[in-house]
Amino acid sequence: MDRGTLPQAVALLLAICSLSPTNLAETVHCDLQPVDSEVTYITSQVTNGCVAQVTNAALEVHILFLEFSKEVSTLDLTLQTSRQNGTRPREVLLILSVSKNVFLKFQAPGVPVRLAYNPNLVFFQEPPGVNTTQLPPFTTKSQLLKWADTEGPIASAAELNEPKSILLRLDQALREPSSCSLEAHKDMGHTLEWSPHTQASVRGCRLEGVAGHKEAYILRVLPGPESWPRTVTVKVELSCASGDPEAVLILQGPPYVSWLIDANHTMQIWTTGKYSFKIFPEGNISGYDLPDTTQGLLEEAQRLNASVVASFVELPLASFVSLRARSCGSELRPSPTPVQTIPPREGCNQELLLSLIQPKCSDDVMTLVLKKDLISTLRCTIMNLTFWDSSCKAEDRDDQLVLRSTYSKCGMKVTENVVSNEVVVNFLSSSSPQRKKVQCINMDSLSLQLGLYLSPHFLQTSNSIELGQQGFVQVSVSPSIPELTIQLDSCQLNLGPDMEIVELIQSQAAKSSCVSLMSPSPGGDMRFSFLLRGHMVPMPTTGILSCTVALRPRTWSLEVHRTVSMRLNIVSPGLHDKGLVLPAVLGITFGAFLIGALLTAALWYIYLHTRHPSKREPVVAVAAPASSESSSTNHSIGSTQSTPCSTSSMA
C-alpha cells in the first residue's frame, strides 16, 4: 500500500474498532478559549436569497448584493455552466451591487455574460473579457430588483456578507418556483457556493481530570433551513513535529448530513450519520448518536479519554470544511489577543493601490484621481505622485489627490491616436518609486465601416439582399490601433415597425443557428454570415443593419461602445436578377390568360362557321310535333357545345 494512504487506512480500522466510551463523571470542566488554528469553509447558506427556474428565455438575470466592512476588499467570482448536447448556454446578465470598494478577479469561461456594476467601486485585477455596462444608481434593493426584472427573468439573487470567493452555477435549478422572491436564510443549493473572508472562531481547552495526551477535534455543523441529504467534506491537516498524535475527530450534524473525511494523520472517528474516507469513498460506515450541544460534545470527548480539546468549531451548514492545526500534542497554543479574524497586511498594498489608478481622458486632458480614504485603508503613505515629468505633481484637493495634464505637457508621448505617459508613486514604505504606464486613446479619430457582401469571398459590396439569401457582413475599424482591443458585441436587422427586430449577434455570440461567426480578415476585420428568412408577411422592402463594436484600451477596465449602421433593400425571392416585382408578375399573368381566352373564342367561332355542308345533319320532312323536333335539335346542339373535342374527332 502507498505510504500516503497508510494513515487513512489505519484510521478506517480504528473507526471500525473504536473503543467504547469509558465511564467518567458527567460534569466537564473546560474553559474554551481561542486557539491558534485555522478553519475555512464553503457554504450555500446566504443572508437573503432566491432561486427560480427560467424557461424559454433568451436571457437570464443573476443578482449579487455584496456587503463589506472594509473600505477595500478582494473577491474571486467565477461563473460556471455545463454544455448539454452541444447547445450554447443562454445569455446572462450578472448584476453586482457592492457597498464598498472591491478588487475583483472575474472568470466566466464559455459564458455569454454581460456584467453590470458601479465602476467607481469595482476594479478588476485584469480586463474581464466580457461585455460590461454601468449599473444605474439605486438607493434600495427593491429598486434594483424592479430594474433587473425589466431586463429579463431573474434566475437567482443572493445577499452575502464579507464574501472572499463565489462560485455561481448557471445550470437550470430543478423543482424551483418560476419567479424569484427573496427569502431570509436561504439555502442556494447547487446554484451558489461561497466562502467568507472572516474565518470561523476556533476555541480549545484542557479537560480536567483526564490523564494522557489524546486530543479531540470537534466540528459541529448547524442545521440549515432545508433538510435534503448532503455530504460535507472535512479536510484535516495537523502539523506535528514528531509522529502521529493520539487524536479523535468528532463530527456532529443534522441527521441528513453524511461525511467524507480527508485527514493527513491517523485519527479515531466519531460522527453522526454515515461517513467515508476519501481513499474509500464508497465504503460508508454508520456513525453514532451524539449530543447536539456544546456541553454534550465536550462530555463526549472526555468519555473518549481526550485530555485536550485542540479545536472546537461551530459552523453553518457547509459543503467543505478545512481545519489546519499549526501544532499538535498536549500543549495548546493560545490565539493572540484580541483575536484577529484576518491577519493584517504588513505595510502598504502597493499592487492594489496602483490598480486603482485609472486615467480619464476628455478634451485633450488626462486626469487621475486617488481617494485618500482608499490610500489609508490600504495602509499606504504617498510621499509624491507625479507624471514622468516630476514637475507635474498631484494636487491635494480635500479628500483626494488629483493628477492632471493636457496632452502637450508633462512628458506626454503623442502619436496619431494614442497619448501615453507614466505615473510615478513614491511610497513611504518603499525606497524606490513605483511606476505605472497610463494611456489615452483618441476615440474620435476612429472610423467604423459596415459592408454587406453576397459571397464569402468579400469582393463586392451590396446594398440589396433577397429573402432566403445568405448575406456576409464585414465590420472594419480604422485606423488600426495596437493598444485597443476590438470585439463585435452585437448586430441586428430592423425590417420596419411592422416586423420584429432580427437579432443576429448578442454578447459577442451568434444568436441563432442561421448566424455564423467567421474568422477575421487578414487585416483583422470582424466577419459573420446570416441567412435571411425566405417568407415574411408583410413582405419588407427595406431594412437597417446595425452592429455595435466594443472598444477597450488594454490599460482600462471599462469598454466604449460604438454603433455603425447601413440601409438595405429587401428583394422578393427569384426576382432580384430580372428586376420584376409582384404587381408586374400579376399583370403579365392576367394578360396571358385574357389573350388565351380570346384566342380560344375566335377559333371556336371560325370552326362553327366553316364546317362542310355534307357534314351537317339532314332535315327530315316528317310531320312531327314541333315540340319534339325542337327538343331533339336542342339536345344535339347542347352535346356539341359541352364536348367540342369529341365533335372535332368525329369530323
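Residues numbered from 1 in each chain as written. Predicted model: local features only at pLDDT ≥ 70, side-chain atom pairs only at ≥ 80, totals over all residues. Heavy atoms only, no water.

Asks: Got a sec to walk through helix α3 (residues 294–303)? Specific residues and values, please.
Replies: Within α3, seven of the ten residues are buried, which leaves the element mostly enclosed by the surrounding structure. Three or more residues of α3 are buried, namely Gly296, Leu297, Leu298, Glu299, Glu300, Ala301 and Gln302. Residues of α3 that are buried sit in contact with β16 (215–221), β18 (247–252), β20 (268–271) and β23 (308–315). (Buried < 20%, exposed > 50% of the residue type's maximum accessible area, 1.4 Å probe, protein only. Helix = DSSP H or I, 4+ residues; strand = E, 2+ residues; numbered from the N terminus. Contact = heavy atoms within 4.5 Å.)

Asks: Outline the state of the cysteines, listing residues and values.
Replies: The term disulfide refers to a covalent linkage connecting the sulfur atoms of a pair of cysteines. All chains considered together, the criterion is met by five disulfides. Linked covalently through their sulfurs, Cys348 and Cys380 form a disulfide whose S-S length is 1.7 Å. Every disulfide takes its handedness from the sign of the S-S torsion; for Cys348 and Cys380 that torsion is 80°, giving right-handed. Note that Cys348 is positioned in the loop between β24 (318–325) and α4 (350–355) and Cys380 in the loop between α5 (372–377) and β27 (382–386), a separation of 32 residues in sequence. Taken individually, Cys348 and Cys380 each receive the classification buried, so the pair is uniform in this respect. In this model Cys392 forms its disulfide with Cys410; the gap between the sulfur atoms is 1.9 Å. Taking the sign of the S-S torsion, about -95° here, the bridge from Cys392 to Cys410 comes out left-handed. Of this pair, Cys392 sits in the loop between β27 and β28 (395–397) while Cys410 sits in the loop between β29 (400–406) and β30 (413–414), placing them 18 residues apart in sequence. Judged by relative accessible area, Cys410 falls into the buried class, the value being 10%. (Disulfide = S-S within 2.5 Å.)

Asks: Residues and numbers for the environment of Tyr288, please.
Replies: Mapped onto the elements, Tyr288 comes out in the loop between β22 (280–286) and α3. The class of Tyr288 is partly exposed, set by a relative accessible area of 28%. When the C-alpha atoms of Tyr288 and Thr272 are compared, they prove to be 5.0 Å apart, with 16 residues separating the residues in sequence.

Asks: Account for the sheet that holds strand β10 (residues 131–134), with residues named and values stated.
Replies: The mixed open sheet is built from seven strands, whose spatial order is β10-β8-β6-β4-β11-β3-β13. The sheet terminates laterally at β10 and β13 (183–187), the two strands that pair on one side only. On average, each strand axis in the sheet is tilted by 30° relative to the strand beside it, whichever way the strands run. In this structure, strand β6 (residues 91–98) lies alongside strand β8 (residues 113–117), joined through four bridges in parallel fashion. The residue of β8 that forms the bridge with Leu93 is Arg114. In this fold helix α2 (residues 141–151) packs onto β4 (59–67), β6, β8 and β11 (154–161), with an angle of close to 160° to the strand it touches most, β4. (Pairing = 2+ DSSP bridges. Axes fitted to C-alpha atoms, helices over the stretch in contact; angles between N-to-C directions.)

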